[in-house]
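Architecture at a glance
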Amino acid sequence: MMYKRIVVPRAYALIHAKWAVLLSLAALIGQQALADVRGPAWPVNVIDSGLSGGDGVRLLDVDNDGDMDLAVGWEQSGVTRLYLNPGPVPEVRDNWPAINCGVAPDVEDAMLADIDGDGRIDVVSCTEGGNRRVLVHFAPTEGDYADSAAWTTVEFPESLAGDRKWMFAIALDVNEDGHLDIVAGGKDTDAKIAWFEAPETNKRDLSQWGYHEMSNATWIMSVIPQDMDGDGDTDIVLSDRRPDGGLIGVRWLENPAPGGDQTGPWPNHFISEGGGDRTEFMFMTLADMDGDGDLDAIVPSKYPNSIDWYERLDESGANWTEHKILFPPHMGEAKGVNVGDINLDGQLDIVLSCGRAKYPLSGMVWMEYGTSVLDSTWIDHEISGPAGSKFDRIELIDLDGDGDLDALTTEENFGPDSLGIGAIWYENPTRKGFAGVDSETLVAAAGVAQSGADNLPPPQGAKGVEFSYYDDKPLDLSGYNLELLYEADFSEPQRILREKKLFKNVGDEENRKRIKIPPDQYDWVLEGGAHVTMNNDRLEFHTYPVGKEWTEETKEHMVLWNTREFPANFLLEFDVSPIDPTNGLAIVFLSATGLDGESIFALNQKYRGGSFRNTTKGEIDSYHISYWAGRGYANLRKNHGANLKISGMDHISSGAPGKIVRVRVLKVGPDIKLETDGKNALQWSDPDENVYGAGRIGLRNMGSSHIVSYGHFKVWEVSPK
């Protein structure tokens, strides 16, 4: 499809310039005090500041150009806009081309999805105030997608969903009938969390949709789809803001499927322990804070200000432990959090946004722990400085292509009679100037010791483990005999079996049982809810379910196991091509067996479902290497237990999008060596008595990887000459 770019009118460019002056003045007046405390603010880039009341950011690649586009609801202006990402630096730092999707009075949230199934992305707006409806802005089915006049806005009728305030929505195929539904949460009197069921046809006639109430609510801030109990269906995680009604806090609604009634109330499970009489829980996120392979819950709250994270203790989703982090000083009131590795040190950091951050207070910071993620006091660093006072939901995304995470948000009130700074992104300075540099320069800049570089500090990998970087040469295979054992021809259809086909009662955790091993005709077993396709003689991993677009809400982890058992000494070779090398993570599992040496497909093996915890801390022994992780280094771990042994160089994250990179792993006895992009990246010798030998090989991609293609998968048996 061809899309016409709309240039934001010159008036908005002048407003942008005005804000640049104001922000500079604010920095001159108040920045020094904050800089003395937590360092300088990040550079700010304005996407749009011409409307009033920017209320949150939601992302999706609407035009299939590989860049994430943006939807923003402008509450006071009563308009929802879609912004087309203009691409690389320097264009991405300027105003983005905008589409006026439609009028949306008192809009609180705007999210992106193909609601009518015509292949073009629509926008859904949640509104409160006097409007109190869920609106769908339908894109034109043909012609110029960017023609604002061709968009049409329809609201769900009061007769269907009542007269209620709606605050946040996601798109999700709740009943798995192949049609995207809408899950929305409300606010105040008679508030609900409900799902709007899409009809099979005539989806633009919203009176034909179904409406099903899942739970009462007080003030829904976040709605996150996630399988919380490991039964294979999607549950709903919420942050519910208000203390009245007994529903305050972080909780999840259990999907009654399979076999239950999804149209009635869903069972409610609390994650948080509630709050005080005035406590309000704000925008939350899920992340693996403690690195144990499952998702924990992180949420800020106010009255009083606090940041809490809830450690998940088991797969049931019923048992959690609360950890409190002291709220940083010189800030406004808690508003939102997101989690990511901000300074590329291999540790997860927290980005915090605030409201009521009146001068000279700060509205956005990022925080890192010193010793442990369990620390009660974290070190805070500046992002926004004193400019701005009412920030919103945060997205972390590398917008300038330099390999670190930038912070995207809205700010809607920069003082009396202000329009707010607008839709903005703060440019992470961690890797400023390093986009596209060669690996030798990058390694030197990161302080990784190389041969002859005596003036550099001792090498360090993830969390202080040894860093195994030794040269930029390929593997030396001259001392080995190689016998080709297996080659996957990706120009031909691959015989892939989904893991759930090996089980009965997949949706019932207590009665789930593996009933067969993979039949001989299958080459691969796919674990997790994502899918694979064949394209241009390559095997493509799509880290989202069939029939859906990739979003933070739909992403799925996945592992593809080859069904063959490979010998203890081997050379593995394949090539890999991520669509975005700065986002995602890929793992190769080696020598995988059951804990007693049995096959990973043996009948005593439990359901894994693509889960990192199940694969590394469940019933499997293996080595695994995260050879591409978007952080600048690779890790090798030994399982059972995900025990980190050594770090090495990641030659993929700094490459161009879509670049095809060869990966080779040589394992001979206890020695493991990794080569990526023709350069040695990691080597380690297992000192344990229990050195793993023959077993299975698997390829894993995290849900954030979007689309990753593979080619030329080969395995040779290796013996010394």
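Scroll up for the structure.
Read on for a plain summary of the structure. (Residues numbered from 1 in each chain as written. Predicted model: local features only at pLDDT ≥ 70, side-chain atom pairs only at ≥ 80, totals over all residues. Heavy atoms only, no water.)

A closer look at the overall build of the chain
Put simply, the test is: The way it works is that DSSP assigns letters per residue, a run of H or I at least four long becomes a helix, a run of E at least two long becomes a strand, and they are numbered from the N terminus. Categorising residues by exposure relies on relative accessible area from a 1.4 Å probe, with only protein chains included: less than 20% of the type maximum marks a residue as buried, more than 50% marks it as exposed, and the intermediate range marks it as partly exposed. Contacts were defined at the residue level, with two residues in contact if any of their heavy atoms lie within 4.5 Å. The Shrake-Rupley method, run with a 1.4 Å probe, gives the accessible areas here. Residue values count only the displayed protein chains as cover.
Of regular secondary structure, the chain possesses four helices and 47 strands. Sorting the 721 residues of the chain into buried and exposed places 60% on the buried side. Considering only contacts within the chain whose residues lie at least 6 apart along the sequence, 60% involve residues at least 24 apart. Summing over all exposed atoms, the chain offers an accessible surface of approximately 27,100 Å²; the carbon and sulfur share of this is 49%.

Details of the nonpolar core
Most often, soluble globular proteins have nonpolar side chains that are buried together. Spelled out, the test is: Nonpolar cores were defined as sets of buried Ala, Val, Leu, Ile, Met, Phe, Trp, Tyr and Cys residues, with membership established by side-chain atoms within 4.5 Å.
Residues Leu572, Phe574, Val588, Tyr627, Tyr710 and Phe713 are the most contacted members of the largest nonpolar core, which totals 43 residues. Not counting chain neighbours up to four residues away, the residues in contact with Phe574 comprise Val588, Tyr627, Val661, Arg662, Val663, Leu699, Tyr710, Gly711, His712 and Phe713. In this structure, Val136, Phe156, Ala171 and Trp209 belong to the second largest nonpolar core, which totals 23 residues.

Comments concerning the sheet that holds strand E23 (residues 333-340)
Our working rule: Only when DSSP finds a minimum of two bridges between them are two strands counted as paired. Convention adopted: a line fitted to C-alpha atoms gives each axis, helices being fitted over their contacting stretch, and angles between N-to-C directions are expressed from 0 to 180 degrees.
Taking strand neighbours across the sheet as the criterion, the four strands line up as E23-E24-E25-E26 in an open arrangement whose pairing is antiparallel. Two strands bound the open sheet, and with one partner strand each, they are E23 and strand E26 (379-382). Taken over all neighbouring pairs, the strand axes of this sheet differ in orientation by 30° on average, direction set aside. Of the strand pairs in this sheet, E23 and strand E24 (residues 349-355) are connected by seven bridges, and their pairing is antiparallel. Bridge pairing links Glu333 to Gly355 in E24.

Considerations on the environment of Asp116
Structurally, Asp116 is set in the loop between strand E6 (107-113) and strand E7 (122-127). According to the relative accessible area criterion, Asp116 is buried, its value standing at 14%. Asp116 sits 89 residues away from Asp205 along the chain, and the two C-alpha atoms are 9.6 Å apart. Not counting residues within four places of it along the chain, the set of residues in contact with Asp116 comprises Asp122, Phe138, Lys203 and Arg204.

Regarding the sheet that holds strand E16 (residues 249-253)
Pairing in this open sheet of four strands is antiparallel, and the strands run E14-E15-E16-E17 from one edge to the other. Two strands in the sheet have a free side with no partner beyond their single neighbour: strand E14 (220-226) and strand E17 (268-270). Geometrically, the sheet is characterised by an average inter-axis angle of 25° between neighbouring strands, direction not taken into account.

Description of the side chain of Ser622
Among the secondary structure elements, Ser622 is positioned in strand E40 (residues 620-628). Not counting chain neighbours up to four residues away, the residues in contact with Ser622 comprise Phe589, Leu590, Ser591, Ala592, Arg637, Lys638, Asn639 and Tyr692.

Notes on the pattern of salt bridges
Put simply, the test is: By salt bridge we mean one thing: a side-chain nitrogen of Lys or Arg within 4 Å of a carboxyl oxygen of Asp or Glu.
A complete count under the given rule lists 42 salt bridges for this structure. The shortest N-O distance in the salt bridge between Arg164 and Glu213 comes to 3.2 Å. With Arg164 in the loop between helix H2 (158-161) and strand E10 (165-172) and Glu213 in strand E13 (residues 210-216), this pair connects stretches of sequence that are 49 residues apart. Since its relative accessible area comes to 9%, Arg164 is described here as buried. With a shortest N-O distance of 3.0 Å, Lys165 and Asp188 are connected by a salt bridge.

Digging into the packing of aromatic side chains
Inclusion rule: Between rings of Phe, Tyr and Trp, where Trp is taken as its six-membered ring, a pair exists when centres lie within 6.5 Å; planes separated by under 30 degrees are stacked, by over 60 edge-to-face, and by other angles tilted. Charge over a ring is defined by NZ of Lys or CZ of Arg lying within 6 Å of the ring centre and within 35 degrees of the ring normal.
Taken as a whole, this structure holds 18 aromatic pairs when the rule is applied. Both rings, one in Tyr145 and one in Trp151, keep their centres 5.4 Å apart while their planes meet at 65°; by these two values the pair is edge-to-face. The same class applies to Tyr145 and to Trp151, which are both buried. Both rings, one in Phe490 and one in Trp524, keep their centres 6.4 Å apart while their planes meet at 40°; by these two values the pair is tilted. Taken together, the residues Phe490 in the loop between strand E30 (480-488) and strand E31 (496-498) and Trp524 in strand E34 (residues 524-527) connect sequence positions 34 residues apart. Each member of the pair, Phe490 as well as Trp524, is classed as buried. Ring pairing ties together the aromatic residues Tyr486, Phe490, Trp524, Phe541, Phe566, Phe574, Tyr627, Tyr710 and Phe713, which thus form one cluster. It is Lys187 that lies over the ring of Trp219; its NZ or CZ is 3.9 Å from the centre.

With respect to the pairing of strand E42 (residues 643-649)
As paired strands, strand E41 (residues 633-639) and E42 are joined by six bridges and run antiparallel to one another. Looking across to E42, one finds that Arg637 is bridged to Leu644. The antiparallel pairing of E41 with E42 creates a hairpin that spans three residues between the two strands, and Gly641 there sits at a positive phi of about 120°.

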